[in-house]
Every structure is written in C-alpha cells, then in structure tokens.
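Structure at a glance
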Amino acid sequence: MIRRRPLLGGMAAALAAGPVAGQPSYDAARRRMVGNIQQLAAAGALGGPRRLSPAVLDALRTVPRHRFVPRDLEGEAYGDTPLPIGHGATISQPFMVAIMTDLLQARSDWKVLEVGTGSGYQAAVLAALGAQVFTIEIVPELARTAEARLAALGYRGVQVRAGDGYKGWPEAAPFDGILVTAGATHVPTPLVEQLKPGGRMVIPVGPSQQLQQLTVVTKDARGAVRTTRLGPVLFVPLQEDARRR
Ligand code: SAH
C-alpha cells in the first residue's frame, strides 16, 4: 500500500514523494547505481578487483533505497554515498552494502544476523536474496521505524529487535552468516559463538572513531576460526550498551 503524505513544500516535495502514479519512478536511477557499483568493484575499490555475484546485483536492483532515507534526501538515494538517517546513524554507501553482502555469500536458505539495523536497507537486501534475517539496532526509535518500514514494503523474512547487538541474538542462533554494519574495536566473542560451523561473518574492525579494516571471519566445520582483512573502511562505531560496561 502506498500512503501519500500531504505536499508541504511545493515542487520539491512533489518530486520527492516516491513511486506514486504520475510521479517519477527511481528504476533508472537504481539501475545506474548498480552499474556504478559493478564498475567500482571491477576497478578494485576494496581489496582488489571483484566480480559481484549476480544474485547480489539482482537484490540491489529490487530494493527501493529511496524509501529507506529521510524524505528530504530521497533525490540523493541512488548516489554512491552514505546518508544521515538521524541519531548519528547513516545508511551505508551502496557500494559498501554490495561488497559486504557479496563477501557474506548468503544463500536463500541461510539464517543471517545483522547488527546495526539503521534504516533497514541492508536487512532488506539480505531478505531480497531470500535469507531469513534477524536484525538488532541499539537505538529503539531506529529499530521501530525500520521494522514498520520493512513491513510496509512487504519484507516478511525480517525480524527486528531493539538492543545491543554485541551480544547477538542467542535464541535465534546459530547463524549461517553475521553482518555487522558498525565499526567494532574487536570481533565480539558472542557473535563468534553464534556463528554456525561453515558460517561467515563480515565486520569492520578497528580503533573507535578511526578507520576500520573490513574483516571476514570464517568458522570451519571443526569450529576453527580464521580472519581475513580486506581493506580500510569507515563506519559509525559499534556502541557499548551501558549495561555491558
Ligand atoms: N545497516 C544500516 C546502517 C547501519 S549504521 C542500514 O542499512 O541502514 C550503524 C547502525 O548501528 C546505527 O543505526 C547504530 O545505531 C547501530 N548500532 C551501533 N551500535 C550498536 C550495537 N551495539 N548494537 C546494535 N546496533 C548498534
């Protein structure tokens, strides 16, 4: 269902109102965004040249990113930049979402934990791949907004919880994949514990307020954990819940 908000600001608001009859659709912009992402990946923008999986590119072609940003930024939704979503959080740069999703190698039969729901965009991309998604956000208002948005857009395979993602989601564990979209000073032990043997975690790791290294953590069938660093990235810090200190 498409709800129409009253037009408050004349032409600019009308253009920003989204896929309503008679108003521009963002399909072409979204296709350009995905083309740009492929070029960046091929040029080796992070950790060497990569060809992104067709399933990930298809997922990115379907998720309406403009519905995950504040209304006044809708027109910028398909540029390759992060955008502020309030509470000090940002929706990640589309290229970063693409590369992290690709690195996770999630399949449609996977159960995935995301830490740092933010706008819900990354969760929607994982759901578009067919994964069952559990996502945790420490700012309750962002969690509520993302949950309502994902439901309104019809993403049924996503469960949202407000809380500290450092601790994971023990009742839903173990997970085939874990994606952390905030910068951690170290790989949280509870998340390693909640990863299935054969599973993968993608997480930015580094000193807080500075660049992190995008890191892939794998757990083999015998439970041995391996860590690979791909290159520098910049994320908002993984916050510490007061009760954890
Ligand atoms: N994946 C998001 C962008 C994430 S921005 C998207 O697609 O829009 C990072 C998010 O992590 C912020 O919303 C921030 O509030 C949240 N966050 C920070 N520390 C956290 C923690 N300990 N547990 C859960 N979420 C956390």
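Use the structure listed above.
Residues numbered from 1 in each chain as written. Predicted model: local features only at pLDDT ≥ 70, side-chain atom pairs only at ≥ 80, totals over all residues. Heavy atoms only, no water.

Thoughts on the pairing of strand β3 (residues 111-115)
Heads up, the rule is: Exposed residues in this analysis have more than 50% of their type's maximum accessible area, buried residues have under 20%, and partly exposed residues fall in between, with area computed by a 1.4 Å probe over protein chains only. The way it works is that DSSP assigns letters per residue, a run of H or I at least four long becomes a helix, a run of E at least two long becomes a strand, and they are numbered from the N terminus. Note on pairing: two strands pair once DSSP finds at least 2 bridges between them. With the strands pointing away from the viewer, any crossover whose connection runs clockwise from the first strand over the helix to the second is right-handed.
The element β3 is largely enclosed, with a buried count of 4 among its 5 residues. Here β3 runs beside strand β4 (residues 132-137); their pairing, made up of 5 bridges, is parallel. Within β4, the position partnered with L113 by the bridge is F134. Handedness of the crossover is the feature at issue here: the chain leaves β3, passes through helix α5 (residues 121-128), returns alongside β4, and the resulting connection is right-handed. Here β3 runs beside strand β6 (residues 175-180); their pairing, made up of 4 bridges, is parallel. Opposite V112, over in β6, you have G177 as the bridge partner.

Section: the side chain of Q122
Test applied: Should any heavy atoms of two residues lie within 4.5 Å, those residues are considered in contact.
Within the secondary structure layout, Q122 lies in helix α5. Look at Q122 and you get buried, because its relative accessible area is 6%. Once residues lying within four places of it in the same chain are set aside, the contact partners of Q122 are V97, T101, E114, L179 and T181.

Let's talk about the site of the ligand
Just so we agree on the cut-off: It suffices for a single heavy atom of a residue to lie within 4 Å of a molecule or strand for the residue to be listed as near it. Residues adjacent in sequence count toward polar contacts only when both atoms are side-chain atoms; beyond that, a polar contact is any pair of N or O atoms within 3.5 Å, and within protein one must be able to donate a hydrogen and the other to accept it.
Near the ligand you find 27 residues, and of these S119, E137, D164, G165 and Q239 are the closest. Here a nitrogen atom of the ligand sits 2.9 Å away from a polar atom, N or O, in the main chain of G116. In this structure, E137 approaches the ligand through a side-chain N or O atom, which is 2.6 Å from an oxygen atom. Contributions of two or more residues to the shell around the ligand are made by β2 (89-91), β3, α5 and β4. Of the residues forming the shell around the ligand, the biggest block, 3 residues, is contributed by β2.

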